[in-house]
Amino acid sequence: MTNTPSFQTDALIAEDIDAYLDAHQHKSLLRFITCGSVDDGKSTLIGRLLYDSKMIFEDQLAALESDSAKHGTQGDQIDFALLVDGLAAEREQGITIDVAYRFFTTEKRKFIVADTPGHEQYTRNMVTGASTADLAVILIDARKGVLQQTRRHSYLVHLLGIRHLVLAVNKMDLAGYDQATFDAIVADYAAFAAEVGIESFTAIPISGFKGDNITLAPSAQTPWYEGPSLIHHLENVEVANTAAQERAFRMPVQWVNRPNLDFRGFAGQIASGTIRPGDPVRIVPAGKTSTVKSISTFDGDLEEAVAGQSVTLTLADEVDCSRGDVIAAAGDPPEASDQFRATIVWMDETAMKPGRGYWLKIGSQMVTATIQPPEYEIDVNSLDRLAAKTLDLNAIGVAEFATDRPIVFEPYASSRQLGGFILIDKFTNATVGAGMIEFALRRAQNVHWQPTTITREDHANLKNQKPRVLWFTGLSGSGKSTIANEVEKQLALMNRHTFLLDGDNVRHGLNKDLGFTETDRIENIRRIGEVAKLMADAGLIVLTAFISPFRAERQMVRAMLPEGEFIEIFVDTPLEVAEQRDVKGLYKKARSGELKNFTGIDSPYEPPETPEIRVNTVDMPPQEAAEYIISQIMPLK
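Topic: the overall build of the protein chain
And then number 1: If you tally the helices and strands in the protein chain, you get 20 helices and 29 strands.
And then number 2: Counting over 637 residues, the protein chain shows a buried share of 51%.
And then number 3: Across the protein chain, the fraction of contacts at a sequence separation of at least 24, relative to all contacts at a separation of at least 6, is 72%.

Let's talk about the packing of helix H16 (residues 518–537) against helix H17 (residues 551–560)
And then number 1: Orientation of H16 relative to H17, taken along the N-to-C sense of each, is 20°, at an axis distance of 9 Å. With respect to each other, H16 and H17 are oriented roughly parallel. Note that H16 runs across H17; the crossing there is right-handed. Of the residues in H17, those touching H16 at Ile 522, Ile 525, Arg 526, Gly 529, Glu 530 and Lys 533 are Glu 553, Met 556, Val 557 and Met 560.
And then number 2: Residue classes in the contact of H16 with H17 are distributed as five nonpolar, one polar and four charged.

Focus on the environment of Ala 136
And then number 1: Within the secondary structure layout, Ala 136 lies in strand S4 (residues 135–141).
And then number 2: Other than its neighbours up to four places away in sequence, Ala 136 contacts Ile 33, Val 157, Ile 162, His 164, Leu 165 and Val 166.

Considering the pairing of S4
And then number 1: The buried count for S4 comes to seven of seven residues, which makes it a mostly enclosed element.
And then number 2: For strand S1 (residues 28–36) and S4, the ladder comprises five bridges, and the chain directions are parallel. Paired with Phe 32 across the strands is Leu 135, a residue of S4.
And then number 3: Direction of pairing for S4 relative to strand S5 (residues 164–170): parallel, over a ladder of seven bridges. The residue of S5 that forms the bridge with Ile 138 is Leu 167.
And then number 4: Following the chain from S4 across helix H7 (residues 148–159) to the adjacent parallel S5, one finds a crossover that is right-handed.

Focus: the sheet that holds strand S26 (residues 498–502)
Backbone hydrogen bonds hold the strands of a sheet together, and the pairing may be parallel or antiparallel.
And then number 1: Here five strands make up an open sheet; going across it, the order is S26-S27-S25-S28-S29 and the pairing parallel. One side of each edge strand has no neighbouring strand; the edge strands of this open sheet are S26 and strand S29 (613–616). In this sheet, adjacent strand axes meet at a mean angle of 20° when their direction is disregarded.
And then number 2: Here S26 runs beside strand S27 (residues 541–545); their pairing, made up of five bridges, is parallel. Within the sheet, the bridge partner assigned to Asp 502 lies in S27 and is Ala 545.
And then number 3: Strand contacts of helix H20 (residues 622–633): strand S25 (468–473), strand S28 (566–572) and S29, with the helix running at about 165° to S29, the strand carrying the most contacts.

As for helix H3 (residues 42–52)
And then number 1: Within H3, ten of the eleven residues are buried, leaving the element largely enclosed by the surrounding structure.
And then number 2: Listed in full, the buried residues belonging to H3 are Lys 42, Ser 43, Thr 44, Leu 45, Ile 46, Gly 47, Arg 48, Leu 49, Leu 50 and Asp 52.
And then number 3: In the core, the buried residues of H3 are packed alongside S1, strand S2 (100–105), strand S3 (109–115), S4 and helix H9 (230–236).

Details of the pattern of salt bridges
And then number 1: The full count for this structure, using the stated rule, is 23 salt bridges.
And then number 2: Residue Glu 518 is joined to Lys 353 by a salt bridge in which the shortest nitrogen-to-oxygen separation is 3.3 Å. Taken together, the residues Glu 518 in helix H16 and Lys 353 in the loop between strand S17 (335–346) and strand S18 (357–362) connect sequence positions 165 residues apart.
And then number 3: A salt bridge links Glu 523 to Arg 527; the nearest nitrogen and oxygen atoms lie 2.8 Å apart. Separated by four residues within a single helix, Glu 523 and Arg 527 lie in helix H16, roughly one turn from each other. With respect to class, Glu 523 is no different from Arg 527; both count as buried.

Comments concerning the packing of aromatic side chains
The relation between two aromatic rings is expressed through the spacing of the ring centres and the mutual angle of the planes.
And then number 1: A full pass over the atoms with the stated rule returns 14 aromatic pairs.
And then number 2: Ring centres 6.3 Å apart and planes at 90° place the aromatic pair Phe 32 and Phe 104 in the edge-to-face group. Of this pair, Phe 32 sits in strand S1 while Phe 104 is found in strand S2, placing the two residues 72 residues apart along the sequence. Considered together, Phe 32 and Phe 104 belong to a single accessibility category, that of buried residues.
And then number 3: Aromatic rings pair up to connect Phe 340, Phe 401, Phe 409 and Phe 421 into one cluster.
And then number 4: The ring of Phe 516 has Arg 507 lying over it, and the distance from NZ or CZ to the ring centre is 4.1 Å.

Regarding unusual backbone geometry
Where the residue is not glycine, phi is negative for most of them; where a peptide bond is considered, it is trans in most cases.
And then number 1: The peptide bond linking Ala 217 to Pro 218 adopts the cis configuration, its omega dihedral lying at -5°.
And then number 2: Summarising the element assignment, Pro 218 is placed in the loop between strand S6 (202–205) and H9.
And then number 3: With an omega dihedral of 15°, the bond running from Val 284 to Pro 285 counts as a cis peptide bond.
And then number 4: Look at Asn 394: it is not a glycine, yet its phi comes out positive at around 75°.
And then number 5: For Asn 597, which is not glycine, the phi torsion reads 55° and is therefore positive.
And then number 6: Residue position: Asn 597 is located in the loop between helix H19 (586–592) and S29.
And then number 7: With a relative accessible area of 31%, Asn 597 lands in the partly exposed category.

So, how was this worked out
In this convention, every chain numbers its residues from 1, walking through the sequence in written order. For this predicted model, a pLDDT threshold of at least 70 governs which residues receive local features, and a threshold of 80 or more governs which side-chain atom pairs are given and counted, while totals over whole chains, interfaces and linings are taken from all residues. The basis for every side-chain value is the complete set of heavy atoms in the structure, and neither hydrogens nor water enter the calculation. Where helices and strands are cited, they refer to DSSP runs of H or I of at least four residues and of E of at least two residues respectively, numbered from the N terminus. Only protein chains enter the calculation, and the probe is 1.4 Å; a residue is then buried if its accessible area is under 20% of its type maximum, exposed if over 50%, and partly exposed in between. Here, residues are in contact when the closest pair of their heavy atoms is within 4.5 Å. Working convention: axes come from line fits to C-alpha atoms, limited for helices to the stretch in contact. Angles between N-to-C directions cover 0 to 180 degrees. Each angle is binned into one of four classes, with values under 35 degrees roughly parallel, values over 145 roughly antiparallel, values of 65 to 115 roughly perpendicular, and all other values oblique. Handedness of each helix crossing follows the sense of rotation of the near helix against the far helix: counterclockwise by less than a right angle gives left-handed, clockwise gives right-handed. Charged residues are taken to be Asp, Glu, Lys and Arg, nonpolar residues to be Ala, Val, Leu, Ile, Met, Phe, Trp, Tyr, Cys and Pro, and polar residues to be all remaining types, Gly included. Two strands are said to pair when DSSP picks up at least two bridges between them. The definition of a right-handed crossover adopted here requires that, viewed with the strands pointing away, the path from the first strand over the helix to the second runs clockwise. Salt bridges are counted wherever a side-chain nitrogen of Lys or Arg sits within 4 Å of a carboxyl oxygen of Asp or Glu. Two rings from Phe, Tyr or Trp (for Trp, the six-membered ring) form a pair when their centres are within 6.5 Å of each other. A pair whose planes differ by under 30 degrees is stacked, one over 60 is edge-to-face, and the rest are tilted. Ring-over charges, as used throughout, are those where CZ of Arg or NZ of Lys falls within 6 Å of the ring centre and within 35 degrees of the ring normal.

Have a look at this one:
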């Protein structure tokens, strides 16, 4: 099979530049990644593609020749890998660390390629590059064959929904262009692919350094090869948008565009399907229906818009629709739910904290998500399912999670836009994980809020008080329980209805199954928060005395309650003072190693940054501290 070279000067540039630019604008775009094990030649291949497509300026070529002499690994030849290995550390070590994106074009198609790192420790970078790709080029060093990292990356790209795979057996020049070597590698990879569910792939023998079978196939060195060249295959594979246009219409709303009183449009990028004026649509999750009045763009109104286009829709009716909602085909809308099962790739050096609230971003929706302990972790190398209590950096696992309100979704296998999400740490704003929704849990559809006649306001009025949660936090031995007890005594004298939840007491019953690991501490506070919320709903003033060492969990409880009802009281006692008191002898046990995960010794305490009330028990005895707290929370009605 002989392919016509695609990298050639386009004569249309000289004849009619406007016609050339118009044709260039309407070329389809393919996003793909290169991945595989370390030193399989990913960066060299991309450098070769950029060089052959004439996407390198003269000054860049001169710099490349100079850099090749200083940092290159190809002797006196040009080292194409240096075109994409931009970080100093990458050039010094001859490896890829960060994801490098590069653009190039041929006469038939435009391309954005992501060069992803091969080291296992940079798996999160590889996942980032793969998240938007339509195709993956899996490189294998012909001398080494299929390696563990080859399997790892193949599994990941399949997990991330990439269905177009190219198996590029690279460095064939160093293997003597031996067909038997190529055939053996393809057979080995095919056996692995069948295990993980990869249905098809295209195998091509190449040399990124020499250029064999990159733009023309077969090369003079591989007359036995009868398949396409790499670029011919990339030019002709079906892109995702083509398939997406055939699915039901979905557009997550990113922005409500209201420049004046006479215009109200809903802006977003169409995730799937096709839309025309007059089409019936449904706003999800609200369920309201309308019809499309117009499709507006910067260049004017359109008669039709398809997946991949960014547009502003106006509707025939005044319906409630805002950022985070999804405008969908009226007859085939997506689901909304608040409990899910998903595959999660953890991308942060700090392990996942089950029970902790993370921001979850899916499309244009942002909610709080609480993740349960993983059902299992996946060993990517053996595909075994391993028992796990959490997920560490680069770990992949399956877990259930719940959101604080229903979100519009589709399974990731059907829609990346409405099935893929990222997890964000609420305090650092770092992206800590990425996930793919498998399905909504059935119980989420079967459990509903039961309306009651007597409201929380009615309960509060019966008690003639305003509900509050007085959250005492501080080190063990700081005096939380003593002061909380004194506050409750004084409130009782004022005929206030109260209840005190003490950390030790609760662990005798409700939380007796929990230990003192970081994960158990988070679950301990989550349960107490839910109980405190129920008591506040009953109209009570709730006092809680817990170390509650983590800001994230204190903030989680605050978010459960109406504005102004959560009062954080920091019992501020220095560690040395609390340790001197040591009424229960816990610090002594912790110092001797008998008691593990003890706050202040071998487990951290994160003091409140802006508590409503701060008391210093070094200068203030318990009764005085209690009087001060009551003075700060008055009036109670």
